[in-house]
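So the chains spell out like this:
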Amino acid sequence: MIKSSGITDEKRYGQHYTPAELAQFLARKAAAAIKSSPRTLTVVDPACGDGELLIAAAKAVRDAGHVAPIRLIGYDIDKRALDVAHERLSAAGLCAELTESDFLVEQRRLKDSSIDLVITNPPYVRTQHLGQEAAQLLAAEFGLTGRVDLTHPFVTVASRLLRPDGVLGLLCSNRFLTTIAGENMRRTFLNDGLRIRELFDLGDTKLFKAAVLPAVVIASKSGPTNQPARFVSAYEQQSASAPAKNPLFRALDGRESSIANHNGKQFSVKVGTLDPPNDSKTPWRLSESEADKWLEDLQNATWRTFGDIAKIRVGIKSTADRVFLGDNWANDAPAVEDELLLPLITQSNVTPWRIADNLQMRVLYPYDLASAKRRPLDLSKWPGAHSYLREHEDQLRGRKYVIEGGREWWEIWVPQQPSLWTEPKIVFPDISEFPRFALDKSGAVVNGNCYWISLNDIADEDIAYLMLAVANSTLGVRFYDETCGNKLYSGKRRWITQYVRRMPLPNPATDEAKLVVTLARSLTTDQPMSEDLVSKLDQAVTAAFAASTGQQQDTGEEPAATLF
């Protein structure tokens, strides 16, 4: 592995060793998928760390009834970890071939189709931490595109080295299921002959110490092609009732969905199947009959999606927030001209339907607000701002990518379209437990921890209110959970472009949709928020989709694109 300076070993190498209970679960599932054979079973852990997975695999293979000799092989770049692994394996009465080396380099010397089981918890690190050159080499060798995680090349290599009936037991971040960055992994499973047998999205169970939500994948080079993979997910139950007594790992093995207990918390365990789409761009979702029928009905009732109607933009990204953002400019930088200090909407200012009054944060925004495209101001005409930015010149010039991108050293990295700030817009935070889509008419700038949709992109203002209503509704939350499912800890959801653009809209020409618009307008006014009104709107959204079924052609336009 190519080393880089300036970051910790843990971040550079992604060194987060597998807890024993999770290692045993992964090994047991992988061993159950191995076909019996009289030949020696070769088991490889490409990043073996302290040897936990090799120890668990050896036991699981024996417990599964395999009597053939077992050859254990491990690689790691950390000599200290290998010393620990050697001691632990010896104490367990096991022999293993441990090599201090980078598996992604050593794999070139291994014979294709020579391994029975690859069991691995690859490093949790993005290749940019290895440096641009290393990232480019890995991407070129393994056919990877976009943002690349080291898990991707490990899986790609495993698909080549496994025997025709070999098995992959993988512990990794669950992000590959639902994000654009996970396309490399999804493509590998779709195109490289690895058939997923079982898939476990372990969500916010905190079974793993790394700051990631884990997933377990059991895949093989052979197996039934007409049988969908078993897919199980586990996320903390936010509204628990009676305490569950079912242990989590037992629930993960269950045939039906249930509520499970782990470390004093309750988790909703959903059991279904994985039916991967034909393209690798579409996120994977857990399929179950009730949810599938609901989504099918919703698809039939959908007139357009949010992405069909307007562009969804992220807020500004300065990459130097301490310089450009502040809530006390009068004291911290009194010379900066007030005309360049624009009100700023951040996550904390956004509630469902409305933006908080009296925005405290302001952003130094050195652009021509009359220009549709980024047009920096002539700072010689703004001496206060010019002097202030000069005070921070070293820091701002340190953002070399700004200058290399053809910008002035004092610019904001992502300023968005200046002239659109004065237009009304829908704003929503990047991360939120519940939907918080609000209408802003203040002309404020949107910060990078939020997204926004300009009403300037939408032909009819009524459709903007329809979008607000759907996004803030319980129907909208269910759609998100069924099709996107990118949850973080404690039930927090990621409301980002790739998900929000898929949100459905009912036919706006129906009377039911017009009622939704009327109610939504009321909720964006200054009058007190009424729970009764919110409840009525929820019911009206559902009714609008029911009325929209089979009505897509009323507008004379093509029907909506596929939602999922």
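Report follows, based on the coordinates.

How each quantity is defined
- Residues numbered from 1 in each chain as written.
- Predicted model: local features only at pLDDT ≥ 70, side-chain atom pairs only at ≥ 80, totals over all residues.
- Heavy atoms only, no water.
- Salt bridge = Lys/Arg side-chain N within 4 Å of Asp/Glu carboxyl O.
- Helix = DSSP H or I, 4+ residues; strand = E, 2+ residues; numbered from the N terminus.
- Buried < 20%, exposed > 50% of the residue type's maximum accessible area, 1.4 Å probe, protein only.
- Expected span 1.5 Å × (residues − 1).
- Arc of directions from axis to C-beta.
- Contact = heavy atoms within 4.5 Å.
- Polar contact = N/O pair within 3.5 Å; in protein donor to acceptor, adjacent residues only side chain to side chain.
- Axes fitted to C-alpha atoms, helices over the stretch in contact; angles between N-to-C directions.
- Parallel < 35°, antiparallel > 145°, perpendicular 65-115°, else oblique.
- Phe/Tyr/Trp six-rings, centres within 6.5 Å; stacked < 30°, edge-to-face > 60°.
- Lys NZ or Arg CZ within 6 Å of the ring centre and 35° of its normal.
- Pairing = 2+ DSSP bridges.
- Core = buried A, V, L, I, M, F, W, Y, C linked by side-chain atoms within 4.5 Å.

Scanning the entire structure with this criterion turns up 35 salt bridges. Across the pair R362 and D338 runs a salt bridge, and its minimum N-O distance is 2.6 Å. A residue pair is termed long-range when its members are at least 10 positions apart, and R362 in strand β17 (residues 362-364) and D338 in the loop between α13 (329-332) and β15 (341-345) qualify at 24 residues. Residue R362 is classed as partly exposed on the basis of its relative accessible area of 24%. E411 is the salt-bridge partner of R374, the closest N and O atoms lying 3.0 Å from each other. Of this pair, R374 sits in the loop between β17 and α14 (383-391) while E411 sits in the loop between α16 (400-404) and β18 (425-429), and the two are 37 residues apart along the sequence. Within the structure, one salt-bridge network assembled from shared partners comprises R28, K29, E198, R230 and D253.

Time to look at helix α4 (residues 79-91). Between its terminal C-alpha atoms α4 stretches 18 Å, which fits the 18 Å expected from 13 residues at 1.5 Å a residue. Among the residues of α4, those classed as buried are A81, L82, A85 and L89. Looking down the long axis of α4, one finds its buried residues gathered within 95° of arc, a one-sided arrangement. Exposed residues lying more than 90 degrees from the buried face of α4 are R80, E87 and A91. Buried residues along α4 sit in contact with α3 (52-63), β2 (70-76) and β3 (96-100). Here α4 starts with a cap whose side-chain oxygen sits 3.0 Å from the backbone nitrogen of R80, and that cap is D78. Within two residues after α4, G93 carries a phi angle of roughly 75°, on the positive side.

When two helices pack together, their arrangement is captured by the angle between the axes and the distance separating the axes. Between helix α7 (residues 151-161) and helix α8 (residues 183-191), the shortest axis-to-axis distance is 9 Å and the interhelical angle comes to 10°. The angle between α7 and α8 places the two elements in the roughly parallel class. Across the interface between the two elements, T151, H152, V155 and T156 of α7 pack against N184, M185, T188 and F189 of α8.

Residue N358 is not a glycine yet carries a positive backbone phi of 55°. With a relative accessible area of 67%, N358 lands in the exposed category. Backbone geometry at Q416 places phi at a positive 65°, although glycine is not the residue there. Within the fold, Q416 resides in the loop between α16 and β18.

Time to look at the packing of aromatic side chains. Counting across every chain of the model gives 16 aromatic pairs. Each ring, one from Y75 and one from F103, has its centre 5.4 Å from the other, and the planes form 55°; the classification is tilted. Pair noted here: Y75 is in strand β2 and F103 is in helix α5 (residues 103-106), with a separation of 28 residues, a long-range link. Residue classification places Y75 among the buried residues on the basis of a relative accessible area of 7%. Grouped by ring-pair contacts, the aromatic residues F428, F437, Y451, Y480, W495 and Y499 constitute a single cluster. The ring centre of W452 lies 5.4 Å from the NZ or CZ of R313, which sits over that ring. The ring of Y235 is capped by K487, whose NZ or CZ atom sits 5.7 Å from the centre of that ring.

The subject of this paragraph is the sheet that holds strand β14 (residues 325-326). As summarised here, the arrangement of the four strands in space is β14-β17-β15-β21, forming an open sheet in which the pairing is mixed. Across the chains shown, the open sheet's two edge strands, defined by having one partner strand only, are β14 and β21 (445-446).

Take the nonpolar core next. Formed by 49 residues in total, the largest nonpolar core has its most connected members in I426, F428, M467 and L505. Sorting elements by how many residues they give to this core places helix α17 (residues 461-472) first, with nine residues. For M467, the contacting residues outside a window of four places in its chain are F306, I309, I426, I453, I458 and L505. One finds Y124, F200, L207 and V212 within the second-largest nonpolar core, a separate group that totals 45 residues.

Moving on to the environment of R28. As for its position among the elements, R28 is in helix α2 (residues 20-32). Take R28: its relative accessible area is 38%, and that puts it in the partly exposed class. Considering only alpha carbons, one finds R28 and V61, 33 residues apart in sequence, at a separation of 7.6 Å. Apart from the residues lying within four places of it in its own chain, the contact partners of R28 are A60 and D253.

Let us look at the pairing of β18. Along a regular strand, successive side chains alternate from one face of the sheet to the other. Among the five residues of β18, five are classified as buried, and the element is accordingly described as predominantly covered. Neither face of β18 is left uncovered, since the one carrying K425, V427 and P429 and the one carrying I426 and F428 both have all their residues buried. In this sheet, strand β20 (residues 438-440) lies alongside β18 in antiparallel orientation, the contact comprising three bridges. The residue bridging K425 from the neighbouring strand is D440, located in β20.

Our focus in this paragraph is the pairing of strand β6 (residues 195-201). By the criterion of burial, β6 is predominantly enclosed, with five of the seven residues buried. Bridge analysis of β6 against strand β7 (residues 214-220) gives six bridges, and the strand direction is antiparallel. Opposite D201, over in β7, you have A215 as the bridge partner. Judged from the four bridges that link them, β6 and strand β8 (residues 229-236) form a sheet pairing that is parallel. If you follow D201 over to β8, its bridge partner there is S233.

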